[in-house]
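Secondary and tertiary structure notes
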Amino acid sequence: MAIHRRLPFIKLSDKAAQNIFYAMPMVASSALFTPIYIVQGIYAKHYGLALTAIAGVLVFARLFDAITDPIIGYLSDKSRIKRGTRKPTVILGAIVLASSGYFLYSPPDDVGTLYFAFWFMVFYLGLTIFYVPHLAWGGEISRGTHEKTQIYTLRTVASYLGIVVFYSIPLLPLWETSEITPDTLEFSAVVFGLLMLPLLYPCIKWVPDGRCYSEENPIVDKGRNSTQTAFRQLAKTLKEMFHNKPLLLFLGAFLFAGSGLGMWFGLYFIYVDAYLGMGILFAKISLIGLVVSIPGSLVWLKIAKYLGKKQAWLLAMLLGIAAFAYTGVLGPENAGFWPLLLLSISITSCFISIEFLPQSMLSDIVDYSTWKFRTYRGSTYFALYLFTNKAALAVGGALGLAIAGGYGFDPSSSSQTESGIAGLKLAMTWMPALLVVISMIFIALSPITAQRHGIIRRRLDAIEARSKRNNRKSSTLDKGASETLILSASN
């Protein structure tokens, strides 16, 4: 049944409404995820947790991700092939994410490290359970390469709207200060946790399951030990990945690009606050940069349509390099509101574009992999993408801090040495630019264009249609054989 018939007040096509419903839960999930980079400071400042203890939790969380991300991706694919839907997994992830977010962001007054560690890990687990199948689902309900870009653009816009809403909460007249405090964190956890259900409901009810094709039998062979079967399937998956050139180029591009952007982003607040001395403007310019850059995603969508996703991603990387260079030019003597706002808009626009463009490209790679290996690995590949993303940002952030600190930059000092400033600019300008240039080589070598994806999609559709015809013929023959047996028995 058409969506607009059920909801006549929506003046959109069925496909547009479907894509909006698919993206809507990202507003709540993104608003719940955004404080994850702030909560460490809240626990240290307001609850007295040691920075060394928090750092240990963060390291353990990365190791936890390295194990859980691919496992959840594999299990999500297996469940999708067997049950024909991702909706139960998405619902489970949303429930875990919302409930753990409440406990993480509103701890008791006597909170300890174990409490923080437990709910931090559960939160990341819920995030992965929700994000991985939801990402893969977007590629299953969209077929053409530009259609994939449209749906992942909407998903990214919804995600950044969640960030905007979260950063607007401290500005409400409910609080005595505009700073982010335990009270504002608890308020946001309750609001967005409760908002998750009404935003998720239209997605689950009206967005179709989509289509995916796989010749892999999701049922464990009865004559084989289940552990042996799991290892056999894991070995097969790894072999396919190592022989998937577009996937390897994609991961290489994202690893270097993410590391470069992670170096810059990890030092951004320190740069504005400790070096430029304009920390009071940080929240304001960040919020304005988000508001201005979100509509700009439509410009990137047009660029991707007319030039191709690969060329659009390359342009986004050039914008990132320009922002890095501009960072090196600014100093306490020439920085101000407008230069910082220009920097915020530029880098935010770059971040937005390299979120949905790679996701759309990866969905094309999933189609290529399905056609080449006759096995669907949507969630597995997106889980690998998420892990690479998180790892690259973490490694880049740590590398940037190490370089700036090694040169003698001290955020707690009111004055900086020339060596310290040189180290800060090296970590925010030249090193990130070099890493991004390397990533551009991998992007340029990506072989899947819109034309090639069209060919892959047609071949995959033909294989799927042929498989359905064969299954119908097999069912007809089995039914005829059963009827023959019944007649023979009655005679």
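Just above sits the structure.
Attention here is on the structure that accompanies the text. (Residues numbered from 1 in each chain as written. Predicted model: local features only at pLDDT ≥ 70, side-chain atom pairs only at ≥ 80, totals over all residues. Heavy atoms only, no water.)

Comments concerning the overall build of the protein
- Looking only at helices and strands, the protein has 17 helices and 0 strands in total.
- Across the 491 residues that make up the protein, the buried fraction comes to 52%.
- Taking all contacts inside the protein whose residues are at least 6 apart in sequence as the whole, residues at least 24 apart take part in 80%.
- Carbon and sulfur atoms make up 67% of the accessible area of the protein, which totals about 22700 Å². (Helix = DSSP H or I, 4+ residues; strand = E, 2+ residues; numbered from the N terminus. Buried < 20%, exposed > 50% of the residue type's maximum accessible area, 1.4 Å probe, protein only. Contact = heavy atoms within 4.5 Å. Areas by Shrake-Rupley, 256 points an atom, 1.4 Å probe, with all protein chains shown as cover.)

Observations concerning the packing of aromatic side chains
- The full count for this structure, using the stated rule, is 29 aromatic pairs.
- Centre to centre, the rings of Phe120 and Tyr124 are 5.1 Å apart; their planes meet at 55 degrees, and the pair counts as tilted. Within this pair, Phe120 and its partner Tyr124 are both found in helix α7 (residues 113-140), separated by 4 residues, close to a single helical turn. The two residues Phe120 and Tyr124 agree in class, both being buried.
- In this structure an aromatic cluster arises from ring pairing among Phe33, Tyr43, Tyr47, Tyr105, Phe116, Phe120, Phe123 and Tyr124. (Phe/Tyr/Trp six-rings, centres within 6.5 Å; stacked < 30°, edge-to-face > 60°.)

Let's talk about the pattern of salt bridges
- In the structure shown here, the tally under the stated rule is 15 salt bridges.
- In this structure, Arg80 and Glu140 form a salt bridge, with 3.0 Å as the shortest nitrogen-oxygen distance. Of this pair, Arg80 sits in helix α5 (residues 51-83) while Glu140 sits in helix α7; the two residues are 60 residues apart in sequence, bridging distant segments of the chain.
- The class for Glu140 is buried, based on a relative accessible area of 2%.
- Put simply, Arg143 and Asp461 hold a salt bridge, and the shortest N to O gap is 2.8 Å. (Salt bridge = Lys/Arg side-chain N within 4 Å of Asp/Glu carboxyl O.)

Some remarks on the packing of helix α6 (residues 87-105) against α7
- Between α6 and α7, the least distance of the axes is 8 Å, while the angle of their chain directions is 150 degrees. It follows from the interaxial angle that α6 and α7 lie roughly antiparallel. The element α6 and its partner α7 pack so that their crossing is left-handed.
- Considering only residue class, the contact of α6 with α7 consists of 19 nonpolar, 6 polar and 1 charged. (Axes fitted to C-alpha atoms, helices over the stretch in contact; angles between N-to-C directions. Parallel < 35°, antiparallel > 145°, perpendicular 65-115°, else oblique. Left-handed = near helix turned anticlockwise from the far one by under 90°. Nonpolar A, V, L, I, M, F, W, Y, C, P; charged D, E, K, R; others polar.)

Let's talk about the environment of Leu248
- Positionally, Leu248 belongs in helix α11 (residues 245-275).
- Looking at Leu248, the relative accessible area reads 38%, which means it is partly exposed.
- As a C-alpha pair, Leu248 and Ser446 span 198 residues in sequence and 9.4 Å in three-dimensional space.
- Contacts of Leu248, omitting those with residues within four sequence positions, involve Met241 and Phe242.

Thoughts on the nonpolar core
- Within the largest apolar cluster, 129 residues are counted, with the highest numbers of intra-cluster contacts made by Leu104 and Trp313.
- The dominant element in this core, judged by the number of residues it contributes, is α11, at 16 residues.
- In contact with Leu104, not counting residues within four places along its chain, are Ile36, Val39, Tyr43, Phe116, Trp119, Phe120 and Phe123. (Core = buried A, V, L, I, M, F, W, Y, C linked by side-chain atoms within 4.5 Å.)

Some words on helix α15 (residues 378-406)
- The terminal C-alpha atoms of α15 lie 42 Å apart, and with 29 residues this matches the ideal 42 Å at 1.5 Å per residue to within 8%.
- Where α15 terminates, the next one or two residues include Gly408, which has phi positive at roughly 100 degrees. (Expected span 1.5 Å × (residues − 1).)

Some thoughts on the environment of Leu343
- Inspection of the secondary structure assignment puts Leu343 in helix α14 (residues 337-373).
- In contact with Leu343, not counting residues within four places along its chain, are Trp264, Tyr268, Tyr271, Ala323, Tyr326, Thr327 and Leu330.

Points about a nonpolar patch on the surface
- On the surface, Tyr102, Phe103, Val190 and Leu194 cluster together into a nonpolar patch covering about 360 Å² of accessible area.
- Where the nonpolar patch is concerned, the elements lending two or more residues are α6 and α9 (182-206).
- Note on placement: Phe103 falls in helix α6. (Patch = residues over 30% accessible without salt bridge, like charges linked within 9 Å, V, L, I, M, F, W, Y side chains within 5 Å.)

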